[in-house]
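A look at the structure
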Amino acid sequence: MPRIAVPDELAHNPYGFASQTHAIPIMAAAAGFSHAVYRDSGLSLREFEGARMRTAQINGCMICRDFRAARDAGAMFTVPGEPAQRSVINNGPAPEEEFYEAVARWRASPLFSERERLAIEFAERFAEQPQVLSQDEPFWARMHGVYADGEIVDLAHCVAAWIGLGRVAHVLGFDTVCLAMPQTEAAQ
């Protein structure tokens, strides 16, 4: 249930309603940040989705937990009739559903590469223990062993977008309606 008044005829898209009626410049900036994350991240799709899913689990955002970048990002981040933009969905193979199911138990699952595991751990600790994470020298040695500095900055900003915007959606009750339409529905 949205925590702001949303007209019944727009109840299917409370986030969209809010972006057109409240804090318009701020909502536009948030949308721009989100688009930049999906358009410009250089992370592999599996690293991206592992970190994104762990953040979604921590935030509690129902939209984010149900979202699959390979399936849903194209419909959300492209404009019909315009050339396809660069997107993280082109950064390697899409994860299988068991990948998403294993993210909550990432420490014990054999499904993740070292980079994927570190991306998930980074997202978890960024969301839950940022002060501890910033001072954990053994963790940073592991990160620098497999990630370049630019990739770490990329990952940090992706996680920051997901934490902030996912929490906004969840806290304001905008996540009670899935905004990501599967491609089969979008084509109808």
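Structure first, text after, so check above.
Here, residues in each chain are numbered from 1, in the same order as that chain's written sequence. A pLDDT threshold of at least 70 governs which residues receive local features in this predicted model, and a stricter bar of 80 or more applies before side-chain atom pairs are shown or counted, although totals over entire chains, interfaces and linings include all residues. Neither water nor hydrogens contribute to the side-chain values; these are computed over all heavy atoms in the structure.

Describing helix 7 (residues 114-128)
What counts, and what does not: Secondary structure follows DSSP: runs of H or I at least 4 residues long count as helices, runs of E at least 2 residues long count as strands, and numbering of each begins at the N terminus. Each helix should span, by expectation, one fewer than its residue count multiplied by 1.5 Å. The classification of residues rests on relative accessible area computed with a 1.4 Å probe and restricted to protein chains. Under 20% of the type maximum is buried, over 50% is exposed, and intermediate values are partly exposed. Contact criterion: two residues are considered in contact whenever any of their non-hydrogen atoms come within 4.5 Å of each other.
Its 15 residues give helix 7 an end-to-end C-alpha distance of 21 Å, which sits within 8% of 21 Å, the value for a rise of 1.5 Å per residue. Within helix 7, the full set of buried residues consists of Glu116, Leu118, Ala119, Ile120, Glu121, Phe122, Ala123, Glu124, Arg125 and Ala127. In this fold, the buried residues of helix 7 make contact with helix 3 (45-59), helix 6 (97-102), helix 8 (130-135), helix 9 (137-146) and helix 10 (149-171).

Some remarks on unusual backbone geometry
You will see that Ala23, though not glycine, has its phi angle at about 45°, which is positive. With respect to the helices and strands, Ala23 occurs in the loop between helix 1 (14-21) and helix 2 (24-40).

Comments concerning the side chain of Asp72
Counted only if it meets this: In protein, a polar contact means a hydrogen-donor-capable atom and an acceptor-capable atom, both N or O and within 3.5 Å, with residues adjacent in sequence counting only if both atoms are side-chain atoms; elsewhere, any N or O pair within 3.5 Å suffices.
When you line up the elements, Asp72 lands in helix 5 (residues 69-77). By relative accessible area, Asp72 is classed as buried at 0%. Among the polar contacts made by the side chain of Asp72, one reaches the side chain of Arg71 at a distance of 2.7 Å.

Notes on the state of the cysteines
For clarity, the cut-off: By definition, disulfides here are pairs of cysteine sulfur atoms that lie within 2.5 Å.
As enumerated under the stated definition, the model contains zero disulfides in all. Between Cys61, a free cysteine, and Cys64, which holds the nearest cysteine sulfur, the sulfur-to-sulfur gap is 3.0 Å. For Cys61, a relative accessible area of 1% translates into the label buried.

Some details on helix 5
Quick reminder of the rule: The directions considered for the arc are those from the helix axis to the C-beta atoms.
Where helix 5 is concerned, the buried positions are Ala69, Asp72, Ala73 and Phe77. The buried residues of helix 5 occupy an angular sector of 105° when the element is viewed end-on, so they sit on one face. Buried residues along helix 5 sit against helix 2, helix 3, helix 4 (62-66) and helix 6.

Structural notes on the packing of helix 7 against helix 10
Which entries qualify depends on this criterion: Axis geometry follows a simple rule: fit a line to the C-alpha atoms, using only the stretch in contact for helices, then measure angles between N-to-C directions, giving values from 0 to 180 degrees. Should an angle fall under 35 degrees it is taken as roughly parallel, and over 145 as roughly antiparallel, whereas 65 to 115 is taken as roughly perpendicular and any remaining angle as oblique. A crossing counts as left-handed when the near helix is turned anticlockwise from the far one by less than a right angle, and as right-handed when that turn is clockwise.
The interhelical angle for the contact between helix 7 and helix 10, taken along N-to-C directions, is 45°, at an axis separation of 10 Å. Overall, the two elements helix 7 and helix 10 adopt an arrangement that is oblique. The element helix 7 and its partner helix 10 pack so that their crossing is right-handed. Together, Arg115, Ala119, Phe122, Ala123, Phe126 and Ala127 of helix 7 and Glu151, Leu155, Ala156, Val159, Ala160, Ile163 and Arg167 of helix 10 make up the contact between the two elements.

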